[in-house]
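Commentary on secondary and tertiary structure
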Amino acid sequence: DLMSLVTSRWIGWGMTVTDLNQDKSDYVKKAYMANHFVYQTVNFITTKAARVPIRLYQKGKDSELKEIQKHPILDLLAKPNKYQGSEEFTNQVLGYKLIVGNSYIYTPKLEAGANMGKPYELQSMPAHLVEIKNGRSWMEPIGGYTIQYAPDVVFTPEEVIHMRYPAYDFDL
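For the structure given in this document, a descriptive report is provided here. Fair warning: this is a prediction, and the values are worked out from it, not measured in the lab. (Residues numbered from 1 in each chain as written. Predicted model: local features only at pLDDT ≥ 70, side-chain atom pairs only at ≥ 80, totals over all residues. Heavy atoms only, no water.)

A separate point is the packing of aromatic side chains. Per the stated rule, a full pass over the model turns up 2 aromatic pairs. Seen in terms of ring centroids, Tyr104 and Tyr145 are 5.5 Å apart; in terms of plane orientation they differ by 65°. Their pairing is edge-to-face. Residue Tyr104 is found in strand β5 (residues 102-106), and its partner Tyr145 is found in strand β8 (residues 140-147); the two are separated by 41 residues along the sequence. Neither Tyr104 nor Tyr145 differs from the other in exposure class; each is buried. (Phe/Tyr/Trp six-rings, centres within 6.5 Å; stacked < 30°, edge-to-face > 60°. Helix = DSSP H or I, 4+ residues; strand = E, 2+ residues; numbered from the N terminus. Buried < 20%, exposed > 50% of the residue type's maximum accessible area, 1.4 Å probe, protein only.)

Set out below in structure tokens:
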């Protein structure tokens, strides 16, 4: 049918027809890395978005907004982890969402002290390698997350920020 043809092939001006199966790694390898139009578009969007300054505001009296200059969340977003700065991290997270439709951010939490339970870093998970484990019911649809090359490590839904596009075919 037409829908499966459109979703399984990328057809463009003078470009090679690329078959994409349900393996999200194909989206990264064949659609993004091998197609310069997709590559340029994704990089244009993510680079511009990653350069937007991060600001934090607090609503005061009379709904007046006051910018907060110093806060732990600003520090975390400025340096999400020891390997990436804000721009690279944001670029990667947004890129995964554009390419495979999902982004996953692992948020390990402090286990003791005054800030117990608060995240101390943000790690972009390789979205094309993440697998979602079924939850107990439609009210709790996600039981956890694993990564293909480490299937024994299960990340709880509380440890992962999962950004995705809405699923409008809920009952299909």
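There is more to say, and it comes next.
Turning next to helix α5 (residues 86-100). Under the 1.5 Å per step criterion, the end-to-end length of α5 is 21 Å for 15 residues, consistent within 8% with the ideal 21 Å. Along α5, the residues classified as buried are Ser86, Phe89, Val93, Gly95, Tyr96, Ile99 and Val100. Phi for Gly101, located one or two positions after α5, is positive at around 90°. (Expected span 1.5 Å × (residues − 1).)

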